Amino acid sequence: MKKTFYSFLLLILCLSICSCKKENNNDNNDDDPVNVSTTYFGDKYSITNDDFYSDFTSEEKNLYYSLWDENVKISLYIDITPYELSKIDEAYDDYRNGNTYKADTYRKCNLTIKVDDKEYYYEEVGVRMRGNTSRREFCDESGNIFDFIHFRFNLTETFDGEEYENGSWAEELYHEWTDKDARKERKNRTFATMEKFYYKWNKNYDNTYIREIYANKMFSAFGVLAPHITVANLNLTQNNKMENMGVGGFYETIDKEFIKRNFDSETKGGDLYKCTYRADLTSASNYGVETPTQRFAYSLKTNNDRSDPEYKHNKDFKNFISILQKSPTADDFKSSLTSVVDMNYFARFEAVNYLLGNPDCIRNNSNNFYLYFTPAGKSFLIPYDYDRCLGINQDYNPSNSGMMYEEPFSIYTPNGKLTNPLYLKTILNNSMSEYKLLYTNKIKEVLNSEWFTYDHFQKMYLAYKNNYSSLAKPSEYICNKINGRIDYNRFYFSEDGASQKDYGSTHCNISTSDYMRIKRETAEKILH
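Every value quoted in this text rests on a predicted model; they were computed, and no experiment measured them.

**A look at the overall build of the protein chain**
Right, on to step 1. Check the secondary structure of the protein chain and you find 17 helices and 17 strands.
Right, on to step 2. Within the protein chain, the fraction of its 528 residues that count as buried is 59%.
Right, on to step 3. Accessible area of the protein chain: about 21,900 Å², with a carbon and sulfur share of 43%.

This is the structure we're talking about:
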């Protein structure tokens, strides 16, 4: 059944595989965000706009859907010269010195992606270091690694942009395309309908390897837009041969293509902001388009050409903030708020977010979310980097208990008193009973679902373990190289976690089963 502006469609897809781009059921309600298709894989679903795939073969579309299933096995093989690898390492110095222009320049590699028994090969792929606090020196001048980093890949990189033409590496990287058709083909190159993606090593020693994956699937299961993630094995050229680097995560990127994939013709094309530390929505400041030497808490990622006559000068963002600055007792507060916030969507977002217990999220640390505005100015939160959830304490445990005892309506966080007006003036405001009840019911909905049961988590864990347990520990050659910097003996699949006396530790993670049990007790004590 179709309603004005929004709809849900149920699709049943067969899972076949290819890698080429063409040349050229839940009841809906008025608060649901976009015209989407709901695609089921057993008991899981993701939200997507099916019109996006009209430019792709059905085989590549189906590959995209099947890729994120826990029963599909993925291996990445990075064939890169020692020189190119050393130049990625050299870029870290520029990042550390604030020169992101050079730091985010791609280097060249050949990439093979193996999905079950089928291989996809790509020549001259752009590859660079990915991350913020995770960036580090990782190899010597000869390209011999001694540490791990996250890798970002770009299949459409043509190496002919300004950064390659005028940068200090121009002579070795710049590509003069005399064959325009070949350049166009490069710009259209995709894997499973994706132009870009990235790999993260298991930096927080999550022995289930899937907590962040499970978090994003859980967001999607309750109608919140979240990027897909799955487990993958990484292999890298070292000492003239491929060496196993262990197991980590394979990630979909949040960018213009992500918006086109998930929003329909009426709601795509809006402004997308990447929101990082100190993005607490209190003022229309610290926003803009990043430059090689300037970064923002709210970084505009789409419609960011300031020379374009259609550039909107962050109009929707500034209007959103101005409405949040109003008093909740103002006569027009609710009408103004609902013109820029889908409260049903926000309540769903925070219900899942609260139960996941991420201390480094929008609520607890004003960090790690994207903010998307439709052309009509309606905002939607998109979570990312949930690698500290469901009891992961490694290196960061501000609550001293893995967030298990944090209460759903508290205006305090482990990092201090909450300042975010989106929370304080709606679902956490006692005078806003309508919104508080909405949030309460959404938490109960999640608690009553299979998604907050360890049995459901364990089924997914065991499927991934079956595919990857033999690959979790890097090769002996790699272990010898990283010895002393990375505890490679902690790379194995396990459901075990810290004992109760170590819940406050930053050197071991709480088991997912303990986390879910205690978090449920905390929430139900307040809700009932």
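**Remarks on the pairing of strand 14 (residues 369-373)**
Right, on to step 1. Judged by how many residues are buried, strand 14 sits mostly within the fold: five of five residues are covered.
Right, on to step 2. Summarising the sheet, strand 11 (residues 271-275) and strand 14 pair through five bridges and their orientation is antiparallel. Across the sheet, Cys 275 pairs through a bridge with Phe 369, a residue of strand 14.
Right, on to step 3. Sheet topology note: the strand 14/strand 15 (residues 379-383) ladder contains five bridges and is antiparallel. Bridging across to strand 15, Phe 373 finds its partner in Ser 379.
Right, on to step 4. Hairpin connection, strand 14 to strand 15: the antiparallel pair is bridged by five residues, and Gly 377 has positive phi, about 95 degrees.

**Quick word on the sheet that holds strand 13 (residues 298-300)**
Right, on to step 1. Judged by pairing direction, the sheet is mixed, and its five strands sit side by side in the order 12-13-11-14-15 without closing on themselves. Each edge of the sheet is formed by a strand with only one pairing partner; in this case those strands are strand 12 (287-288) and strand 15.

**Quick look at the packing of helix 7 (residues 211-221) against helix 11 (residues 343-356)**
Right, on to step 1. With their axes 9 Å apart at the nearest point, helix 7 and helix 11 run at an angle of 155 degrees to one another. Taken together, the axes of helix 7 and helix 11 are roughly antiparallel relative to one another. In this structure, helix 7 crosses over helix 11, and the sense of that crossing is right-handed. Along the contact surface, helix 7 presents Ala 215, Met 218 and Phe 219, while helix 11 presents Phe 349, Val 352, Asn 353 and Leu 356.
Right, on to step 2. In terms of residue class, the contact of helix 7 with helix 11 is built from six nonpolar, one polar and no charged.

**Digging into the sheet that holds strand 6 (residues 118-130)**
Right, on to step 1. The seven strands lie next to each other as 4-5-6-7-8-10-9, forming a closed barrel whose pairing is mixed. Pairwise comparison of adjacent strand axes, ignoring direction, gives a mean angle of 40 degrees for this sheet.
Right, on to step 2. Direction of pairing for strand 4 (residues 74-79) relative to strand 5 (residues 107-115): antiparallel, over a ladder of six bridges. Pairing of Ile 78 across the sheet is with Leu 111, part of strand 5.

**Considering the pairing of strand 9 (residues 229-238)**
Right, on to step 1. Summarising burial for strand 9: 10 of the 10 residues are buried, a large majority.
Right, on to step 2. Residue alternation in strand 9 divides its side chains into two sets, Ile 229, Val 231, Asn 233, Asn 235 and Thr 237 and Thr 230, Ala 232, Leu 234, Leu 236 and Gln 238, and both sets are buried.
Right, on to step 3. Note that strand 4 and strand 9 share four bridges and pair parallel. From the neighbouring strand, Tyr 77 faces strand 9, where its bridge partner is Asn 235.
Right, on to step 4. For strand 9 and strand 10 (residues 241-252), the ladder comprises nine bridges, and the chain directions are antiparallel. By the bridge assignment, Val 231 is partnered in strand 10 with Gly 249.

**Describing unusual backbone geometry**
Right, on to step 1. The phi angle at Tyr 205 is positive, at roughly 50 degrees, despite the residue not being glycine.
Right, on to step 2. One can find Tyr 205 in the loop between strand 8 (196-201) and helix 7.

**Digging into the side chain of Asn 358**
Right, on to step 1. Along the polypeptide, Asn 358 turns up in the loop between helix 11 and helix 12 (362-365).
Right, on to step 2. Among the residues examined, Asn 358 registers a relative accessible area of 0% and is labelled buried.
Right, on to step 3. A distance of 2.9 Å separates a polar atom in the side chain of Asn 358 from the backbone nitrogen of Asp 360.
Right, on to step 4. Once residues within four sequence positions are removed from consideration, Asn 358 is found in contact with Asn 353, Asn 364, Asp 385, Tyr 386, Arg 388, Cys 389 and Met 403.

**Comments concerning the nonpolar core**
One recurring pattern in soluble globular proteins: nonpolar side chains tend to sit buried together.
Right, on to step 1. Membership of the largest hydrophobic core comes to 144 residues, with the highest contact counts inside it found for Leu 67, Phe 153, Phe 191, Leu 281 and Leu 371.
Right, on to step 2. Tallying contributions element by element places helix 11 first for this core, with nine residues.

**Observations regarding the pattern of salt bridges**
Right, on to step 1. Applying the stated criterion across every chain yields a total of 28 salt bridges.
Right, on to step 2. Measuring nitrogen to oxygen at the nearest pair gives 3.2 Å for the salt bridge that ties Lys 260 to Glu 257. In this pair, Lys 260 and Glu 257 both sit in helix 8 (residues 256-262), three residues apart, roughly one turn of the helix.
Right, on to step 3. Using a relative accessible area of 17% as the deciding quantity, one classes Glu 257 as buried.
Right, on to step 4. In this structure, a network of salt bridges that share partners links the residues Arg 130, Lys 200, Glu 212, Asp 385 and Asp 387.

Rules of the game
Counting restarts for each chain: residues are numbered from 1 in the order of the written sequence. Note on the predicted model: pLDDT of at least 70 is required for a residue's local features to be given, and 80 or more for side-chain atom pairs to be given and counted; whole-chain, interface and lining totals, by contrast, use all residues. With hydrogens and water excluded, all non-hydrogen atoms of the structure serve as input to the side-chain values. Elements are defined by DSSP. Helices are runs of H or I of four residues or more, strands are runs of E of two residues or more, and each kind is numbered from the N terminus. Any residue under 20% of the maximum accessible area for its type is buried, any over 50% is exposed, and the rest in between are partly exposed; the area is computed with a 1.4 Å probe on protein chains only. Note on areas: Shrake-Rupley with a 1.4 Å probe; residue coverage comes only from the protein chains shown. The pairing criterion is simple: DSSP has to find at least two bridges between the two strands. Axes, fitted as lines to C-alpha atoms, cover a helix only where it is in contact. Angles between the N-to-C directions of the axes lie from 0 to 180 degrees. Just so you know how the angles are binned, under 35 degrees is roughly parallel, over 145 roughly antiparallel, 65 to 115 roughly perpendicular, and the rest oblique. Here a crossing is taken to be left-handed if its near helix is turned anticlockwise relative to the far helix by less than a right angle, and right-handed if that turn runs clockwise. Any two residues whose heavy atoms approach within 4.5 Å at even a single point are treated as in contact. For this classification, Asp, Glu, Lys and Arg are treated as charged, while Ala, Val, Leu, Ile, Met, Phe, Trp, Tyr, Cys and Pro are nonpolar and the rest, including Gly, are polar. N or O atoms within 3.5 Å of each other form a polar contact, as long as, within protein, one can give a hydrogen and the other can take it, and as long as residues adjacent in sequence are counted only when both atoms are side-chain atoms. Side-chain atoms within 4.5 Å are what join buried Ala, Val, Leu, Ile, Met, Phe, Trp, Tyr and Cys residues into a set we call a nonpolar core. Should a side-chain nitrogen of Lys or Arg be within 4 Å of a carboxyl oxygen of Asp or Glu, the pair is scored as a salt bridge.

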